[in-house]
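Structure assessment
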Amino acid sequence: MKDEFKSAFTLRNLYKALLKCCQGTMWKDGTALYRWDGLENSVKLRKALMNGSYTMQHYMRFRVARPKPRDITATRVRDRHAQRAGCDKVLYDLITRSFIRNNGACQRGRGVDDTINRTKEGLRRMYRKQRQARAQASGCPVEKIGPFEAEGWVYKGDVRKYFPSTLHRNAKAIIRKRLRSPRLAAMLCAVIESFGEPWWEQQARQAGASKTAAQTFSRAVTDARTEREMIPMRPQHKRAAIAENCNTRIRRAVNRLPSVSAQSRAQLMAAAFGDDARGIGLGSQISQLVQLAQLDPIDHYATEVARPAFYIRYMDDFLLIDTDREKLTAAAQEIERRLNALGLELNPKSQLLPLRSGFVFLKWRFHLTPTGKVIMRAAQGVAKEEKRRLRRMVQKAREGKATTQSVRTHYAGWRAHIARGNTRALLKSMDAYLNDLLRDFEKEETNNEH
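Residues numbered from 1 in each chain as written. Predicted model: local features only at pLDDT ≥ 70, side-chain atom pairs only at ≥ 80, totals over all residues. Heavy atoms only, no water.

**A closer look at helix 13 (residues 262-272)**
Count 3.6 residues to each turn of an α-helix, and residues three or four apart come out pointing the same way. Just so we agree on the cut-off: Under the scheme applied here, a residue whose accessible area is under 20% of the maximum for its type counts as buried, over 50% as exposed, and between as partly exposed, the area being computed with a 1.4 Å probe on protein chains only. Helix and strand assignments come from DSSP, with helices taken as H or I runs of at least 4 residues and strands as E runs of at least 2, each series counted from the N terminus. Working note: the arc is built from the helix axis to C-beta atom directions.
For helix 13, the full list of buried residues reads Ser-264, Arg-265, Leu-268, Met-269 and Ala-272. Summarising the axial view, the buried residues of helix 13 lie within an arc of 140°, below the 170-degree limit, and thus occupy one face. Residues of helix 13 that are exposed and point over 90 degrees away from its buried face: Gln-263, Gln-267 and Ala-270.

**Quick word on the sheet that holds strand 7 (residues 359-361)**
What holds strands together in a sheet is hydrogen bonding between their backbones, with the strands either parallel or antiparallel. Cut-off, in case you're wondering: A strand pair is defined by DSSP finding two or more bridges across the two strands. Helix axes use the C-alpha atoms of the stretch in contact, all axes being lines fitted to C-alpha atoms, and the angles between their N-to-C directions lie in the range 0 to 180 degrees. Contact definition: two residues touch when any of their heavy atoms are within 4.5 Å.
Judged by pairing direction, the sheet is antiparallel, and its 3 strands sit side by side in the order 7-8-9 without closing on themselves. One side of each edge strand has no neighbouring strand; the edge strands of this open sheet are strand 7 and strand 9 (374-378). Adjacent strand axes in the sheet meet at a mean angle of 35° when their direction is disregarded. Across 3 bridges, the pairing between strand 7 and strand 8 (residues 364-368) is antiparallel. Within strand 8, the residue paired with Phe-359 across the bridge is Phe-366. Strand contacts of helix 6 (residues 112-138): strand 7, strand 8 and strand 9, with the helix running at about 20° to strand 8, the strand carrying the most contacts.

**A look at the environment of Asn-103**
Considering the arrangement of structural elements, one finds Asn-103 in the loop between helix 5 (77-96) and helix 6. Taking the C-alpha atoms as reference, Asn-103 lies 9.5 Å from Leu-295; in sequence the two are 192 residues apart. Apart from the residues lying within four places of it in its own chain, the contact partners of Asn-103 are Arg-110, Leu-292, Asp-299 and Arg-313.

**With respect to helix 16 (residues 325-341)**
Defined as follows: Every helix has an expected span of 1.5 Å times one less than the residues it contains. Nitrogen and oxygen atoms within 3.5 Å of one another constitute a polar contact, given that in protein one can donate a hydrogen and the other can accept it, and given that sequence-neighbouring residues count only through two side-chain atoms.
Compared with the 24 Å implied by 1.5 Å per residue over 17 residues, the 25 Å span of helix 16 between its first and last C-alpha is a close match. Listing the buried residues of helix 16 in full gives Leu-328, Ala-331, Ala-332, Glu-334, Ile-335 and Leu-339. Within helix 16, the buried residues cover an arc of 165° as seen down the axis, which keeps them to one side. Seen from the buried face of helix 16, the exposed residues on the opposite side, beyond 90 degrees, are Glu-326, Gln-333 and Ala-341. Where helix 16 is buried, its residues touch strand 3 (153-158), helix 15 (296-306), strand 5 (317-322) and strand 6 (351-354). Put simply, Asp-324 is the residue that caps the front of helix 16, since its side-chain oxygen is 3.0 Å from the backbone nitrogen of Glu-326. Following helix 16 by one or two positions, Gly-343 adopts a phi angle in the positive range, close to 80°.

Geometric descriptors of this kind do not, in isolation, establish any biological role.
Okay, structure coming up:
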């Protein structure tokens, strides 16, 4: 049987993975420099992987405020290079083969547009079935049925803090279940473990440590636990010594924490040697695949057991639509129970809505009309956020950090997406808003020249 580790990390696969990693990111100095010596870096990376000397680099961490506050964990290009090869060649197919068609995020041939299209088709299908039922009940042809308000309920749910709340043991179990190669599983599980730094810092702060001490502790524990996960990749004769060294580093990190009681220190020690860490970082291909797979059993429950008229999921946001309110309520309760078993929670904003009032999904408001047409309008706040973004970009142009062409290029992409819906009036007002911004900017430039 072919070794998955060797199959994933051939020189050809590594070089192809590098080209994909660099797409759209060549404006970064580090990426451009790494890509410049791409073949040599691929050879070096393969050598490190094969002889067991490969180690992960620390992440770049930052926070974004829009569209909502999120902590981003940016993977270094060398590690993205290795992870891309492992995912594209082996893990992607093994993970996604069990996915339902209406699991729409982060997969080839799927995405936001595909999910929107399938949601619209699901609503139209509901309308057609109800129209046929009305025709049969009245004993007349379908064509004779006039406009009517479709009956139904929508359960709109999502998982509360999905990525930060995910248990590492669940994520690693998903990887180990699908891979036969201990070395490849070890490398990918080490990626999961490497996301634990914010979790361990939080645990240390709760135990009474200062922020600085907690950060030092979290870095040391995360590094040691990550290295411990990678032991199957290391040469056989070094594994026992590496394991002992990792355990020593964990004990030292816990014992060196100042201002922590003996009881809290004992709890931290037990946790550091346990497997209850939480938190999957945003910014890694492995994160996306694992998080898609974690809710796959819930997808199968919804489509094969609960069987609503329509079900769809985009990462942690999902919809169940049916004419039977009690059926949806029971399905939602069972989904919540299954989420709790995974250590996750439903967002309190999850709710059951009448179909006639419409619903918001993926920043679009969907409404099914009495004629069976699906109306899509931009959700509240979308236009306001884009105006704010355009103002910032024009301000950068004033400062010489951007060009008006870059502003127009960005707006063209946003406009093409919004044009998918029934947004003629919105687009007209946004076009006028952008033209006014740029006209004012061009006037200022002209005045400055004179």
